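The lines below spell out each chain.
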Amino acid sequence: MPEINILPKEVYQLIAAGEVVERPSSIVKEMLENSVDAGAKSITVEIKNGGTTYIRITDDGAGIEREQVKKVFIPHATSKIKYSEDLNSISTLGFRGEAMASIAAVAKVELLTRTKGEELGTRYEIAGGEEIDFSEAGCPLGTTVVVRDIFFNTPARMKFLKKDVTEGNSVAGIVERMAISHPEISFRFIRDGKQVLITSGNGELKSTVYSVFGKEFSEGLVDVDYSVNNMRVKGVVTKPSAARKSRAMQYFFINSRLVKCQTAMAALEQAYRNSIMVGRFPGCILNIECNSSFVDVNVHPAKIEVRFANERAVFELVYYGVKSAVETGDTPKEAHFSDYKTPPVTASGKIDLFAKQEAPRQMQFRQTEPEDFWQVASPKKSAAPQRNPYESGESFKINLEDLSKEEIKTPEPDIPDFRVVGEAFKTYIICEIEGDLYFIDKHAAHERMNYEQLKKSTVISSQLLLQPVVVRLSSEEYSAVCNNLELYSKCGFAVEDFGGTSVIVRECPSMLDGEDVEDLIVETAGKLLDGKTDITPEQMDWIFHSTSCRAAVKAGDYTSPYERDLFIKKLLSMPDIRYCPHGRPVMIKMSKYDIEKQFGRS
């Protein structure tokens, strides 16, 4: 049997350091957490060569008393916890007492610190775990830590570091995430002598986000602030139109600690369902505030993964918080032209028709402010033309009867004054509303109206099919449908087992054409079979989605002037409708100002 060796201090310290110190960014993370825990209001991070040769972090926190300084570099020495019971309610970012000892084991460290009650501060220098200097020093209140030449005594680990620019970007990411999780702290980041980031520390999250991620991202955000069951979620999320191609801009924090939280991520994306394009993802900066005993942060070496006592409560908190924020804070999309340039003119002041012309102006899109459209003071009601639309024998794809019934049941809401200008490509209704022009995708809008009607119905109106529809399915699809007959019944369908691998449909929702029934059953059977949903309300959502799409007027279908008027009137009475269930916008605004600018009128 091989001899069992007791490792010397310098060896086991290097082993322990390998678990904490992977690269410069991990050093910065640990030291920033210490600065935050010390109550700092201002923190400066400076690095050189990606942090491989130089890292300096300065804070104005409480500082460290002289007799306590050496303890900072002893493994498992910490001021954050004292007893095992303390692990059940950790309220600080750091708590294990490993970081500074690990850093000092593989780098050259200099510490300067002074507390409020001391006239002189303390300077302590340690390298490779060995003390070099311990003396008095003049320094400001707070703590400054300088880390030089990481892995100087373990050169083999140097080769695993990436290029300086990559390591520097990793450090920048740590600083950015710490800044957005603590907007009440002013962060300053200096990289190779150049200041690249500074935040105000005024406590305003959007101000910090603007400083960290820039104007474009910050302008596409809505506020979230929701509380339930002694928990609170607070922060910002992107508007559906500002969704991104990846999840890279999703940041979740638990009591201001950055975490990876699959539960919160699932709740976030579920809240955007039917409001966001397929293949796009919402961005967020969300902090979940809860009792520290509700969450266990001591489950991962990097403290980035956590466990909750009740995952469902966290899901519902994030889901309802985000959903209500998006529904109230989102705004219609606006179309505008790129920068206008005055057309060339002759000496007499007339437009020069023979001058070289630039390419036609291209439309771009941005979000309007809430008051641009939905909040209109003292709105006027429009009147539809008084004629019988059936006289012309026109096809009525939009169910005016259902819309009229709803208007009789409830008081007619106030809607803005509008005038239907016409229709383009038999798809987009052009409408003038309060002095601006709107392009409305009639299929997308009608689909969402149907979808909302189905979701809000306690009992879905059904119609008996004159000729029942037999649907032939695969064996697996047949089983999936037969196992969910009650689900179909709740959604307005009367579906029965017809033997073999077929089902028969005798009733369907009144808004649906009988010819669409077979395709809908096949589609929803596939959804059920794929196991994409496990909760009955979500399964109903799939069926509602398919039903509303098939019942909606199609692009290219003719709609009469009377239909258009009544349709727009109904749409404007439902201000929450901005996207179809697939996530496409239902309308786009083109301001009068942008139009007139193209003609040189403004």
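Our structure's up above, just so we're on the same page.
To start, this report covers the structure provided alongside it. (Residues numbered from 1 in each chain as written. Predicted model: local features only at pLDDT ≥ 70, side-chain atom pairs only at ≥ 80, totals over all residues. Heavy atoms only, no water.)

Some remarks on the packing of helix H11 (residues 442-456) against helix H16 (residues 561-572)
Look at H11 against H16: their axes get within 11 Å of each other, and the N-to-C directions meet at 55°. Relative to H16, the element H11 lies oblique. The crossing of H11 and H16 is left-handed. From H11, Lys-442, Ala-445, His-446 and Met-449 reach across to H16, where they touch Phe-567, Lys-570 and Leu-571. Broken down by class, the residue content of the contact of H11 with H16 amounts to four nonpolar, one polar and two charged. (Axes fitted to C-alpha atoms, helices over the stretch in contact; angles between N-to-C directions. Helix = DSSP H or I, 4+ residues; strand = E, 2+ residues; numbered from the N terminus. Parallel < 35°, antiparallel > 145°, perpendicular 65-115°, else oblique. Left-handed = near helix turned anticlockwise from the far one by under 90°. Contact = heavy atoms within 4.5 Å. Nonpolar A, V, L, I, M, F, W, Y, C, P; charged D, E, K, R; others polar.)

So, helix H9 (residues 311-329)
Over its 19 residues, H9 extends 27 Å from the first C-alpha to the last, a length consistent with the 27 Å expected when each residue adds 1.5 Å. For H9, the complete set of buried residues consists of Ala-313, Val-314, Phe-315, Leu-317, Val-318, Tyr-319, Gly-321, Val-322, Lys-323, Ala-325 and Val-326. Of the surrounding elements, those touching the buried residues of H9 are strand E9 (221-228), strand E10 (231-238), helix H8 (262-271), strand E13 (284-289) and strand E15 (307-308). (Expected span 1.5 Å × (residues − 1). Buried < 20%, exposed > 50% of the residue type's maximum accessible area, 1.4 Å probe, protein only.)

Details of the pattern of salt bridges
Applying the stated criterion across every chain yields a total of 23 salt bridges. Between Asp-223 and Lys-206 there is a salt bridge; the shortest N-O distance is 3.7 Å. Placement of the pair is Asp-223 in strand E9 and Lys-206 in helix H6 (residues 205-213), with a sequence separation of 17 residues. Judged by its relative accessible area of 52%, Asp-223 is exposed. (Salt bridge = Lys/Arg side-chain N within 4 Å of Asp/Glu carboxyl O.)

Some thoughts on the packing of helix H2 (residues 24-37) against helix H3 (residues 99-106)
Contact pair H2 / H3: the axes reach a minimum separation of 10 Å and the direction vectors enclose 140°. With respect to each other, H2 and H3 are oriented oblique. The two elements H2 and H3 meet at a crossing, and its hand is left-handed. In this structure, H2 contributes Ile-27, Glu-30, Met-31 and Asn-34 to the contact, and H3 contributes Ala-99, Met-100 and Ile-103. Taken together, the residues that form the contact of H2 with H3 break down as five nonpolar, one polar and one charged.

Focus: H8
Of all the residues in H8, the buried ones are Thr-263, Ala-264, Ala-267, Leu-268 and Ala-271. An end-on view of H8 places all buried positions within 135° of arc, on one side of the element. Where H8 is buried, its residues touch E10, strand E11 (250-254), E13 and H9. (Arc of directions from axis to C-beta.)

Side note on the sheet that holds strand E4 (residues 121-127)
Taken together, eight strands build an open sheet; the order of strands is E5-E4-E3-E6-E2-E1-E7-E8 and the sheet is mixed. This sheet does not close on itself; its edge strands, each paired only once, are strand E5 (130-137) and strand E8 (194-198). Each adjacent strand pair in this sheet contributes to an overall mean axis angle of 10°, direction not counted. One ladder, built from six bridges, connects strand E2 (residues 54-59) with strand E6 (residues 142-148); its direction is antiparallel. Within E6, the position partnered with Thr-58 by the bridge is Thr-144. The sheet contacts of H2 involve strand E1 (42-48), E2, E6 and strand E7 (186-191), and relative to E2 the element is tilted by about 10°. (Pairing = 2+ DSSP bridges.)

Comments concerning the nonpolar core
Within the largest apolar cluster, 51 residues are counted, with the highest numbers of intra-cluster contacts made by Val-28, Met-31, Leu-32, Ile-43, Val-45, Val-147 and Ile-285. It is helix H5 (residues 164-181) that provides the largest number of residues to this core, a total of seven residues. In this structure Leu-32 touches Ile-43, Val-45, Ile-57, Ile-174, Val-175, Met-178 and Phe-187, once residues within four positions along its chain are discounted. Grouped together as the second largest cluster of nonpolar side chains are 33 residues, Val-222, Tyr-272, Leu-286 and Val-322 included. (Core = buried A, V, L, I, M, F, W, Y, C linked by side-chain atoms within 4.5 Å.)

Section: the side chain of Ser-35
In this structure, Ser-35 sits in helix H2. In this structure Ser-35 comes out as buried when scored by relative accessible area, which is 3%. Residues contacting Ser-35, with those up to four places away along its chain left out, are Ala-40, Ile-43, Ile-57 and Asp-59.

Any functional reading would require information beyond the geometric quantities listed.
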